[in-house]
Amino acid sequence: MIPWLSLIIWLPTLAALFIAVTPRHWVRLIQALALSAGAASTFLSIRVFFAGLMDTAALNKFQVVEALPWLESLGIQYKVGVDGLSLSMILLTGLVSLAALWMSVSIDKRQKEYFVLCLLAISGVYGVFASIDLFFFVIFYELASIPMYFLVGIWGSDKIGSGRPIYRERAATKLLIYLQLGGGLVLLGILALYFATGAKTFDLQMLLQTQLSGAHQKVLFLIFFVGFAIEAGLVPLHTWLPEGHSSAPTPLSMLLAGVLLKMGGYGILRFCLQLTPDASAKFLPAFAILGAVNVLYGGLCALRQSDVKVMIAYSSVSHMGMFYLGIGCCAAASPFNGYGVLGAQFQLFSHGVITALLFAVAGAVYNKTHSRDLRAWGGLGARAPVYTFFYVLAAMGSLGLPGMTGFWAEFMVLFGTWGSQWPLAVLAVPGLLITTMFLLRSVQYGFFGPLNPDHVGMQDADWWELVAFLMLATAALWFGIFPAGLTATVLPILPALIGGAL
Amino acid sequence: MNWSHLLVQFTPELAVLVTAVWVILSDLFLSRHPSGLWRQCFLGLAAATIGAAFLYQVPTPGVELPAIITRVLLVSPLTSSLKFVVLLLSTLAVVFSYRSFEETERHAGEYYSLILFSVLGGLLCISSQDLVLFFISFELLSLPLYMLCGFRRYNSASAEAGLKYFVNGALSSALMLYGISWIYGSLGSTHLPTLAANYAVVPSPPSGFLVGCLLVLSGLGFKVAVAPFHTWAPDVYSGAPPAVSTFLASAPKVTIVGFILRLFWQSLDGTGQFFNLPVDWVFLFTVLAAGSMFVGNLSALPQQDVRKIFAYSGIAQIGYIFLGLAACNNPHPQQSFSAVLFYTTVYGISNLGAWAVLAVLARGQERFDLDSLRGLHQRNPALAACLALCLMSLAGVPPLSGFMGKFYLFRAIYESGLPFLVVLGILNSVISLFYYFKVLKAAYFVEAEDGGTSFLQAPSAGPALPMVQQLAFQLCLWSNVVLGLWPAVIGEVERVASTITQGS
């Protein structure tokens, strides 16, 4: 039997090792190695996704499990597998990481270190979504987040211009400290889980079968929730996010917004909802209020920005609010509650693909114009129809146009919220309006209107950028038209998350 | 009585002793050539390291040693493994000393023989069964270190470091000797097993014994620079030549932690009681550990001198080790024991690797502020990579050895019912990221200035490091990965720990 999941996880690392011993001026070879490893992983993840889609009924349990003994005296083993919760996340990682690698072709300095770190981070993200052993979960989690420090700090860009400047070194340090604080809390929670269940194992499959007492659940829930919420941008803990996402180089902004945020969301679904269901039912409705705050506050902040990357970063804060609203429905004894959680999971995928596309286009335009200021762009549609097309497409997806994934995610979340906590839904709907406002405003400022004379000679998209755009746009449209392709994988696991059938 | 067994059992010590004497004599009568002396010192230590590894791997059961030896010196899997680690660290430190600063060339014989005598003292410390022998070997360990710290006698910082270390070291020795005299006065022996036997027949714990134990602990605390006995460390580490700090920050610390393990832990029972003394040992070690972590980490934050950052980080790391010592009422004491042992080893190697980068850089520069590391990734990628992995390991970044060590430690602490300390530990490792990554930022973020003050003019044209140093850097670099990911190492540590807990 071929260990598909392990191949997906470790191929990028293998490529990173090869790149590490390649002379640094053989840039083409380095790029080719990175891209072929990324493409192979993506291809395999699509294969794993469709294999899972063939037999969705089995997705309530971990499939294609591979286990290797590692440190038995501590109850640690290397164990990977996918279930309904992680299957779409693996696909998302595949799409976003390959698109990010294509966008990385534009990186023009220190490519060797760049690709080594980038591939390690991609391995880490795959590993987070695939690992069933919690010890390895932590290792992969850090493998995904530590390289970000260097990637943001070395290859990033500063925001200088109107408003408060954001320097990439500061942003990188902030990102590191926040993510590590989150990681530290998760580590603490995992140790606590190890002892609280009495199972003395880090095997998620075994831990899921144990019953936690009410007090343990509450403590564990809070540790895990805060830890992951730092990563997933819950409002009082989100401040690293706009700085980090906007300072990062384009491909890294895509990875950060596209999959790293999703690690936090996935962690909340996996650890809080699945392992501590009673505490989740108790606390999450309260945290849904913060979700509504996320939607409104993130939207208002985005409305205020003239820097396009900071704007997109705040739009991520706003959209992650939808996720918190969705999981807030997990407790209410209403027939609609399942839709909230389903929508939250859908939002992870949808936001990942669409925001990655937004960042990709914005970053590509930045490479050409050397400006991130929307007001300095002006009328690019006349010179760069490809960029304009994909930016508008992504903006439409992001503001929830029917036919793209964003619509279904927001629809399901609001549907569930209306059924369980209607005041929050009422609060959140203006958020959608704000989203529309800042996205359309950015389209108008940046791509329509009179052409800025500075950009008369601007080139349109390079072919590798087009490949990246096409991948992400296809996914956003495909699952927007056939949302059942995603929901079918989540539905089998949904009873385990909300304590009952949909 | 079979003398050949004696030779076998004490191969490491004898090899170090012979090399030390040989280096002196060779310096006097044969050749004063620094490379030659360096090579002899390195070969002697390498032979001793291999000997220790051999002793650890191939125990010699049924060997009858003369009673006069076994009374004062112990050979067990624990001592052999500790000796192996200490010798490995010393060998590496010697490798990195090569031409690190001017005096290693002019006074090579003295320099290397002092290191060798210090190592010999450390080895005897680890093995000693008697407090008097311990004290003597402790002094043999320390005295050369005072001289080494002040080895650049025309450099005021180095002279200050030597003097400061000497004064503080003398104080710690005095405390320890005073403590030993209290122990002798209250229980009538300095021989550790006899002490335990005497203690068993005493009706109530003599208070003098308690005073003695606390004084000995303070003396040891001075030596490992645990807060509040740490005040000498930043000045000494930053004043001493970096090559000396490389040695000072690794091998002697492992030695002393090893002896603390033997002195305090071997006598602990499962309930965390050390000889039934009316002291809350958990609380005592917790205070030392938490104080050390916070003092070290918070003081390191504003530092601009890389040597000071490393010195404070060393204080914080000792805090983690004491955190493990605080977990002494673990229902499975071997867990805490092996966690401390593993973490100490990891700390020794990672810390040595980080200092070694400075030791090698010291060939061309006097200043060690953060700017002096600028562009290191271009000037010497291998050095930068070693620095990066060692510091990330110390900061506890997975999957490196430091993370595995911390994880293992935290698990033992949690098991002994102190989750609060785990929170402290995690909090501190987040704080420590800030300054560890500040160093890495200096080394990686900025490109080297062209024609600046950097010592290696062109990125590729730096003086090539000797092959042995390059290999040693690779060893330090990869040890962070291997110790973190190869479970067999933890298996070995657990095996050593189980021999201890079964023995007591």
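If you're wondering where the values come from, they're calculated on a predicted model, not measured in any experiment.

A closer look at the packing of aromatic side chains
Thinking step 1. Applying the stated criterion across every chain, the model contains 73 aromatic pairs over all chains.
Thinking step 2. Pairing Y141 of chain A with F228 of chain A gives two aromatic rings, centres 6.2 Å apart and planes at 75 degrees, and the pair type is edge-to-face. Pair noted here: Y141 of chain A is in helix α5 (residues 134–155) and F228 of chain A is in helix α8 (residues 214–231), with a separation of 87 residues, a long-range link. Neither residue differs from the other here; Y141 of chain A and F228 of chain A are each classed as buried.
Thinking step 3. One aromatic cluster is present, formed by W10, W70, Y78, F135, F136, F140, Y194, F195 and F202 of chain A together with F403, F407 and Y414 of chain B through successive ring pairs.

A look at helix α6 (residues 168–196) of chain A
An α-helix turns once per 3.6 residues; consequently, residues spaced three or four apart project the same way.
Residue and element names in this part refer to chain A.
Thinking step 1. Here α6 is 29 residues long and its end C-alpha atoms lie 41 Å apart, about the 42 Å a rise of 1.5 Å per residue gives.
Thinking step 2. Counting buried positions along α6 yields 21 of 29 residues, so the element is predominantly enclosed.
Thinking step 3. One or two residues past the end of α6 sits G198, with phi positive at roughly 75 degrees.

Some words on the domain arrangement of chain B
Accessible area lost when the parts come together is the quantity often used to give the size of an interface.
Residues and elements named next belong to chain B.
Thinking step 1. Under the domain assignment, chain B is made up of domain 1 (1–232 + 247–262) and domain 2 (280–504).
Thinking step 2. Taking the mean C-alpha position of each, domain 1 and domain 2 sit 22 Å from one another.
Thinking step 3. Contact residues are listed per partner, giving 36 residues for domain 1 and 42 residues for domain 2.
Thinking step 4. Interface of domain 1 and domain 2: buried area, both sides summed, is about 3,200 Å²; carbon and sulfur atoms make up 78% of it.
Thinking step 5. Among the residues domain 1 hides against domain 2, the three largest losses belong to Y56, F96 and L261. Together they make up 20% of the total.
Thinking step 6. Applying the counting criterion to the domain 1 and domain 2 interface returns 0 salt bridges.
Thinking step 7. At the surface where domain 1 touches domain 2, the tally comes to 9 residue pairs in polar contact (both at pLDDT 80 or more).
Thinking step 8. Mapped by element, the contributors of at least two residues to the side of domain 1 that touches domain 2 are α3 (34–57), α5 (77–97), α11 (207–224) and α14 (251–265).
Thinking step 9. It is α5 that contributes the most residues to the side of domain 1 that touches domain 2, 11 residues altogether.

Regarding a nonpolar patch on the surface
Thinking step 1. A contiguous nonpolar patch, built from L7, L14, L17, V18, V21, W22, I24, L25, L28, F29 and L30 of chain B and spanning about 1,100 Å² of accessible area, is present on the exposed surface.
Thinking step 2. Top contributing element to the nonpolar patch by residue count: helix α2 (residues 11–30) of chain B, with 10 residues.

Description of the interface of chain A and chain B
Thinking step 1. Taken together, the contacts link 31 residues of chain A with 30 residues of chain B.
Thinking step 2. When chain A packs against chain B, the two sides together hide about 3,100 Å² of surface, and 79% of this comes from carbon and sulfur.
Thinking step 3. When the shortest N-O distance is used, the salt bridge between E415 of chain B and K200 of chain A registers 3.3 Å.
Thinking step 4. Across the chain A-chain B interface, the total number found is 7 residue pairs in polar contact (both at pLDDT 80 or more).
Thinking step 5. For the side of chain A that touches chain B, the element with the highest residue contribution is α6 of chain A, accounting for 13 residues.

Parameters at a glance
- Residues numbered from 1 in each chain as written.
- Chains lettered and ligands numbered in written order.
- Predicted model: local features only at pLDDT ≥ 70, side-chain atom pairs only at ≥ 80, totals over all residues.
- Heavy atoms only, no water.
- Phe/Tyr/Trp six-rings, centres within 6.5 Å; stacked < 30°, edge-to-face > 60°.
- Helix = DSSP H or I, 4+ residues; strand = E, 2+ residues; numbered from the N terminus.
- Buried < 20%, exposed > 50% of the residue type's maximum accessible area, 1.4 Å probe, protein only.
- Expected span 1.5 Å × (residues − 1).
- Domains from an automatic or database assignment.
- Contact = heavy atoms within 4.5 Å.
- Buried area = accessible area lost by both parts, 1.4 Å probe.
- Salt bridge = Lys/Arg side-chain N within 4 Å of Asp/Glu carboxyl O.
- Polar contact = N/O pair within 3.5 Å; in protein donor to acceptor, adjacent residues only side chain to side chain.
- Patch = residues over 30% accessible without salt bridge, like charges linked within 9 Å, V, L, I, M, F, W, Y side chains within 5 Å.
- Areas by Shrake-Rupley, 256 points an atom, 1.4 Å probe, with all protein chains shown as cover.

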